[in-house]
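One letter stands for each residue in the lines below.
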Amino acid sequence: MKQFLQKLIPRLYGSYFNLTHLFSSSKAADKALQVFSYPRKGRLNPDQEAYLSQARQQRIAFEDGLIKLYHWEGNGPFILLLHGWESNAWRWKHLIEPLKKKNFNLIAIDAPAHGASDGKYFTAVKYSKVITQVMELYEPPIVMAHSVGAMATIYQEATAQHEFLKKLVLLGGPNSLEVIMRSYQKMTGFNQRVYGSLNDLLKETYDFKIEEFNSADFASKIKVPTLLVHNPDDQVVPIEAFYQIKEKMPHAESFVSPTGGHSLHTPEVVDRVIEFLERS
């Protein structure tokens, strides 16, 4: 029954968008974007909250509320840790512990509408603005990001480059918004007219169309040394995205991990990341 509902509910949304579009294309597009941008997971559970409570905590103001930051102090360089869609700062636990042993100074955040941060909706562009704000507050020389966090990091650094940034680590990052949006369209079943109106809305709101938002194109503008990590068996972001970004990124080196899926929570990844960070 649960699996049936999981398939039925998205189709009901798609039917609603299609019907609404007959009367108002703008309302249909707005509702489609809201559903697309609403995370259904990623809030803290008690175990995650207990772990994160060990860090020094801070909140900073953003557009629609407060963003939660977690700080593990060390004497080494600052590293800013950025999670992805329907996740939170706890996802870095597997890397926080070995990085603490190396005495790195760590800051992780909960993205808008995730973890203990405020907000109801999330987009890569909104996230990129938060990232820029935190970066300019702490000036971290190293940024590590996962999944859509990697996409948002690439976008913000291409549009607001920071001289203090010395290294990037990008894990399981997607490339094409169009691929993501077509998957959303397939899951819900909304028609091409709704897709077109949604495209117009993004152009009006963010000044780009769906097909114009590609991490690889933004990555071509980034000059700092970057480690790209992916796993061939990633079922969320196909490895083709990894190769597309790598081809365009001028100072990137790559690591194809034999394990880890999309989360990349494996010793091989930890070892490779630390080796990259410690290299002069």
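Just so it is clear, the structure is predicted and the values come from calculations on it, not from any experiment.

Bridge count between strand 7 (residues 226-230) and strand 8 (residues 252-256): 5 bridges; the pairing is parallel. Opposite L228, over in strand 8, you have S254 as the bridge partner.

Here the focus is the pattern of salt bridges. Here the structure, examined in full by the defined rule, presents 11 salt bridges. The residue E63 makes a salt bridge to K129 at a minimum N-O spacing of 3.6 Å. Here E63, found in the loop between strand 1 (56-62) and strand 2 (65-72), pairs with K129, found in helix 5 (residues 124-138); they are 66 residues apart in sequence, far enough to count as distant. The residue E253 makes a salt bridge to R279 at a minimum N-O spacing of 2.8 Å. Here the residue E253 occupies a position in strand 8, and R279 occupies one in the segment after helix 11 (267-278), the gap between them amounting to 26 residues. The exposure class of E253 is partly exposed, given its relative accessible area of 24%. R279 gets classed as partly exposed once you look at its relative accessible area, which sits at 33%. Here the salt bridges do not stand alone but share partners, grouping E253, R272, E275 and R279 into one network.

Attention now moves to the nonpolar core. With 59 residues, the main nonpolar core has I109 and F213 as its most contacted residues. Here this core gets 8 residues from one element, more than from any other, and that element is helix 5. If sequence neighbours within four positions are ignored, F213 has contacts with A124, V125, M151, Y155, N175, S176, L177, F208 and F218.

Where helix 2 (residues 25-37) meets helix 8 (residues 192-206), the closest approach of the two axes is 8 Å, and the angle between their N-to-C directions is 80°. Considering the angle they form, helix 2 stands roughly perpendicular to helix 8. The residues of helix 8 that touch helix 2, namely those facing S25, A29, D30, A32 and L33, are V194, S197, L198, L201 and L202. Split into classes, the residues belonging to the contact of helix 2 with helix 8 amount to 7 nonpolar, 2 polar and 1 charged.

Let us now look at the UniProt feature "domain: AB hydrolase-1" (unreviewed entry) in the protein chain. With numbering aligned to this structure, UniProt lists the feature "domain: AB hydrolase-1" (unreviewed entry) at residues 79-266. With 41% helix and 15% strand, residues 79-266 has its two end C-alpha atoms placed 19 Å apart.

What follows concerns the sheet that holds strand 8. The mixed open sheet is built from 8 strands, whose spatial order is 1-2-4-3-5-6-7-8. Only two strands of the sheet have a single neighbouring strand rather than two, namely strand 1 and strand 8. The mean inter-strand angle of the sheet, taken between neighbouring strand axes irrespective of direction, is 20°. Contacts from helix 4 (residues 93-101) reach strand 2, strand 3 (78-82), strand 4 (105-109) and strand 5 (142-146), with the element oriented near 160° to strand 4.

What counts, and where the lines are drawn
- Residues numbered from 1 in each chain as written.
- Predicted model: local features only at pLDDT ≥ 70, side-chain atom pairs only at ≥ 80, totals over all residues.
- Heavy atoms only, no water.
- Pairing = 2+ DSSP bridges.
- Helix = DSSP H or I, 4+ residues; strand = E, 2+ residues; numbered from the N terminus.
- Salt bridge = Lys/Arg side-chain N within 4 Å of Asp/Glu carboxyl O.
- Buried < 20%, exposed > 50% of the residue type's maximum accessible area, 1.4 Å probe, protein only.
- Core = buried A, V, L, I, M, F, W, Y, C linked by side-chain atoms within 4.5 Å.
- Contact = heavy atoms within 4.5 Å.
- Axes fitted to C-alpha atoms, helices over the stretch in contact; angles between N-to-C directions.
- Parallel < 35°, antiparallel > 145°, perpendicular 65-115°, else oblique.
- Nonpolar A, V, L, I, M, F, W, Y, C, P; charged D, E, K, R; others polar.
- UniProt positions renumbered as here; feature names shortened; annotations may be inferred.

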